[in-house]
Amino acid sequence: MITRTPDGVQTIAAHTPDADWQTQLREVIRDPVTLLDALGLPHSLLEGAYGGHRQFSVRVPRAYLNRMTPGDPDDPLLRQVLPLAQESDSVAGFVTDPLAEAEHTPHSGLIHKYAGRVLLIASAGCAINCRYCFRRHFPYEDHTPSMAQWQATLDYLRDDSSITEAILSGGDPLVSSDRRLAWLCRELADIPHLRRLRLHTRLPVVIPDRIDDALLEWLGTTRLQRVMVLHINHPREIDDAVRDACRRLRQAGVTLLNQSVLLRGINDDADTLAALSETLFEAGIQPYYLHVLDAVAGAAHFDVPDDEARALVAQLRARLSGFLLPRLVREVPGAVSKTPL
Ligand code: SF4
């Protein structure tokens, strides 16, 4: 249970390990003080945190928090979610819409950037707010489709037989209810030229209980080929619960891929990246992309220069099997695909 003190700070009762995913989602940590207190960290770390928090609020599921090391302000999982004073710095080249997505939205909730695939904004929120997220300024309020807009999106897909893949993104599509997702999945499966359903999600990592029977019912039975792209940046994000969620997904016929973002202070060394690839593969997840940071305002302190990124991947190439090596890429606005570095 979560309650609030008069000054808005959460107090959280001990985590109930068997709480369902909806309860865990409702009870995510939503302010920097609660986050620091839960890890026994000093309030001096709050200096500047509220500037970032006001831009893009703190959200941390308890199941993810439990993998952080208490007392360590440099914990690589904490660094992904704790706002820092640097987020308020204005840095040349770092903008609110780094991928120019506003230019590729035929209508609300739909982004059509690449040939053959469309991206559907299936949810306006996430279970976790990652400080480096390229959509941290995305106007979700303009992209939360009504039922009529969903019908318009489905008509758009029906009318374009070159589209073979529908990508559910967000936010995180898996914060939506299984009832809504099952409906959407049925509608998509009824479009004859669609072959694949791809989901981009962090839920199986941050709240592994999300992979429950209700989800596997619709995801495991559709005629569409299913691909789930997870988003894991550090090997410590993968614990036994995540491994179990991945096992259930694979048993349901879902192909699991991972994309990471190269992040200063979190995974910008060859040892961590090599361990990440090994840990992913052991969990049945194929390392897929290593993205350089999208130049989003508020995240410049995570940036790793291209030359350093290439040198890191060269070190990985020398020590990993080829199938464990993610492709180093950048998203370039207007490009017909991701751009290899
Ligand atoms: S869209 Fe993905 S990266 Fe961005 S905040 Fe949500 S979970 Fe994190």
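Along each chain, residues carry numbers from 1 onward, in the same order as the chain's sequence is written. With the structure being a predicted model, the display of local features is reserved for residues of pLDDT at least 70 and the display and counting of side-chain atom pairs for 80 or more, all residues being used for whole-chain, interface and lining totals.

Asker: So what exactly am I meant to see when it comes to the confidence of the model for the protein here?
Answerer: Segments scoring low in pLDDT should not have their predicted coordinates read at a detailed level. When pLDDT is averaged across the protein, the result is 91; 91% of the residues are at 70 or more. In the model, residues 11-15 has pLDDT below 50 throughout and makes eight contacts with residues more than four positions away in sequence or in other chains. Values of pLDDT, the confidence the predictor places in each residue, fall between 0 and 100. Contact between two residues is assigned whenever their backbone-derived C-beta positions fall within 7 Å.

Asker: Would you explain the UniProt feature "binding site: [4Fe-4S] cluster" (unreviewed entry) in the protein in this entry?
Answerer: UniProt positions are given in the numbering used here, feature names are shortened, and annotations may be inferred rather than shown by experiment. Cross-referencing UniProt, the feature "binding site: [4Fe-4S] cluster" (unreviewed entry) maps to Cys-126, Cys-130 and Cys-133 in the present numbering. Position of Cys-126 among the secondary structure elements: in the loop between strand S4 (117-121) and helix H5 (147-159). Buried residues are those with 20 or more other C-beta atoms within 10 Å of their own C-beta, exposed residues have 12 or fewer, and partly exposed residues lie in between; C-beta atoms are placed from the backbone. Taking the number of C-beta atoms within 10 Å as the measure of exposure, Cys-126 has 24 and is therefore buried. Apart from residues lying up to four places away in sequence, Cys-126 is in contact with Arg-59, Gly-170, Gly-171, Asp-172, Val-175 and Arg-202. Every helix listed is a DSSP run of H or I at least four residues long, and every strand listed is a run of E at least two residues long, numbered separately from the N terminus. If you trace the backbone, Cys-130 turns up in the loop between S4 and H5. Setting aside anything within four residues of it in sequence, one finds Cys-130 in contact with Gln-80 and Val-81.

Asker: Just checking my understanding: could you explain the sheet that holds strand S8 (residues 254-261) for this structure?
Answerer: Adjacent strands of a sheet form backbone hydrogen bonds with each other and so pair up, either parallel or antiparallel. Two strands pair under a simple rule: DSSP has to find at least two bridges between them. Pairing within the open sheet is mixed, and its nine strands lie in the order S3-S4-S5-S6-S7-S8-S9-S10-S11. Since the sheet does not close on itself, it has two edges, and those belong to strand S3 (110-111) and strand S11 (339-340), each with one partner. Here strand S7 (residues 225-231) runs beside S8; their pairing, made up of six bridges, is parallel. Across the sheet, residue Leu-230 finds its bridge partner in S8, namely Asn-258.

Asker: When you look at the packing of helix H10 (residues 270-282) against helix H11 (residues 306-319) in this model, what are you seeing that I'm missing?
Answerer: The geometry of a pair of packed helices is captured by two quantities: the angle between their axes and the separation between those axes. All axes are obtained by fitting lines to C-alpha atoms, using only the stretch in contact for helices, and the reported angles, taken between N-to-C directions, cover 0 to 180 degrees. Remark: H10 packs on H11, axes separated minimally by 9 Å, with the N-to-C direction vectors making an angle of 50°. By the criterion of interaxial angle, the relationship of H10 to H11 is oblique. Here H10 and H11 pass one another in a crossing that is right-handed. From H10, Ala-270, Leu-273 and Ala-274 reach across to H11, where they touch Leu-312, Gln-315, Leu-316 and Arg-319. Put simply, Ala, Val, Leu, Ile, Met, Phe, Trp, Tyr, Cys and Pro go in the nonpolar bin, Asp, Glu, Lys and Arg in the charged bin, and everything else, Gly too, in the polar bin. Among the residues making up the contact of H10 with H11, the classes are represented as five nonpolar, one polar and one charged. Between 65 and 115 degrees an angle is taken as roughly perpendicular, under 35 as roughly parallel, over 145 as roughly antiparallel, and anywhere else as oblique. Crossings are assigned a handedness: left-handed for a near helix turned anticlockwise from the far helix by less than a right angle, right-handed for a clockwise turn.

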